[in-house]
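Inside the fold
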Amino acid sequence: MSRRTAMIFWTAVAVAVLLLGGGVATVRRVIAGGTVGDVVALSLTVLGLTAALLVAGRIVFVSARAQRRARRS
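In this text the structure is predicted, and so the values were computed from the model without any measurement. (Residues numbered from 1 in each chain as written. Predicted model: local features only at pLDDT ≥ 70, side-chain atom pairs only at ≥ 80, totals over all residues. Heavy atoms only, no water.)

1. A word on the packing of helix 1 (residues 3-31) against helix 2 (residues 36-72)
Using the following cut-off: What counts as an axis is a line fitted to C-alpha atoms, over the stretch in contact for a helix, and the angles between N-to-C directions run from 0 to 180 degrees. Strands are runs of DSSP state E lasting at least 2 residues, helices are runs of H or I lasting at least 4, and numbering of each runs from the N terminus. What sets the label is the angle itself: under 35 degrees gives roughly parallel, over 145 gives roughly antiparallel, 65 to 115 gives roughly perpendicular, and the rest give oblique. Working rule for handedness: look at the near helix, and if it is turned counterclockwise from the far one by less than a right angle, call the crossing left-handed; if clockwise, right-handed. Under the convention adopted here, Pro, Cys and the residues Ala, Val, Leu, Ile, Met, Phe, Trp and Tyr are nonpolar, Asp, Glu, Lys and Arg are charged, and Gly plus all remaining residues are polar.
One can describe the packing of helix 1 onto helix 2 by two numbers: an axis separation of 8 Å at closest approach and a directional angle of 155°. When the axis of helix 1 is compared with that of helix 2, the two are roughly antiparallel. Viewed along their axes, helix 1 and helix 2 form a crossing whose handedness is left-handed. Of the residues that constitute the contact of helix 1 with helix 2, the class distribution is 20 nonpolar, 6 polar and 2 charged.

See the structure below:
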C-alpha cells in the first residue's frame, strides 16, 4: 500500500470514528425529543459515516486483492 493510500485509509477511519461518536450523541438527543435540526444532523452524520466506511472498505478490498494476485504470480 502506498503512503498516499495509507493516509487516505487512516483519514477515513478517523473520520468514521468521529462521526460515529457524533452520531451516538445525536441519537441520544433525538430520542430525548430532539428538533428537526437534530434529525437533519443525524441524517448527515449517517451519510458521512457510510461514505467514510465505504472508502476504507474499498481500500482494504483492493489491497487484499492485489496481495492475493502477487502471491499467485
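2. A few points about the pattern of salt bridges
Under the convention used in this document: Salt bridge, as used here, is a side-chain nitrogen of Lys or Arg placed within 4 Å of a carboxyl oxygen of Asp or Glu. Using a 1.4 Å probe on the protein chains alone, a residue whose accessible area is under 20% of its type maximum counts as buried, one over 50% counts as exposed, and one in between counts as partly exposed.
Summed over the entire model, instances satisfying the criterion amount to 1 salt bridge. Between D38 and R29 there is a salt bridge; the shortest N-O distance is 3.1 Å. Relative accessible area serves as the criterion here: at 53%, R29 is assigned to the exposed category.

3. Describing helix 1
Rules: One fewer than the residue count of a helix, multiplied by 1.5 Å, yields its expected span.
Spanning 29 residues, helix 1 covers 42 Å between terminal C-alpha atoms, matching the ideal 42 Å at 1.5 Å per step. When we look at burial in helix 1, the residues that qualify are F9, A12, A16, G23 and T26. Directly beyond the C-terminal end of helix 1, a positive phi value near 100° is found at G33.

4. Some details on a nonpolar patch on the surface
Inclusion rule: In this analysis, a patch consists of residues with relative accessible area above 30% that form no salt bridge, clustered at 9 Å for like charges and at 5 Å for the nonpolar side chains Val, Leu, Ile, Met, Phe, Trp and Tyr. Where accessible areas are quoted, they stem from the Shrake-Rupley method and a 1.4 Å probe; at the residue level, only the protein chains shown are allowed to cover.
Together, V36, V40, L44 and L47 give the surface a local cluster of nonpolar side chains, amounting to about 420 Å² of exposed area. The residue L44 is located in helix 2 in this model.

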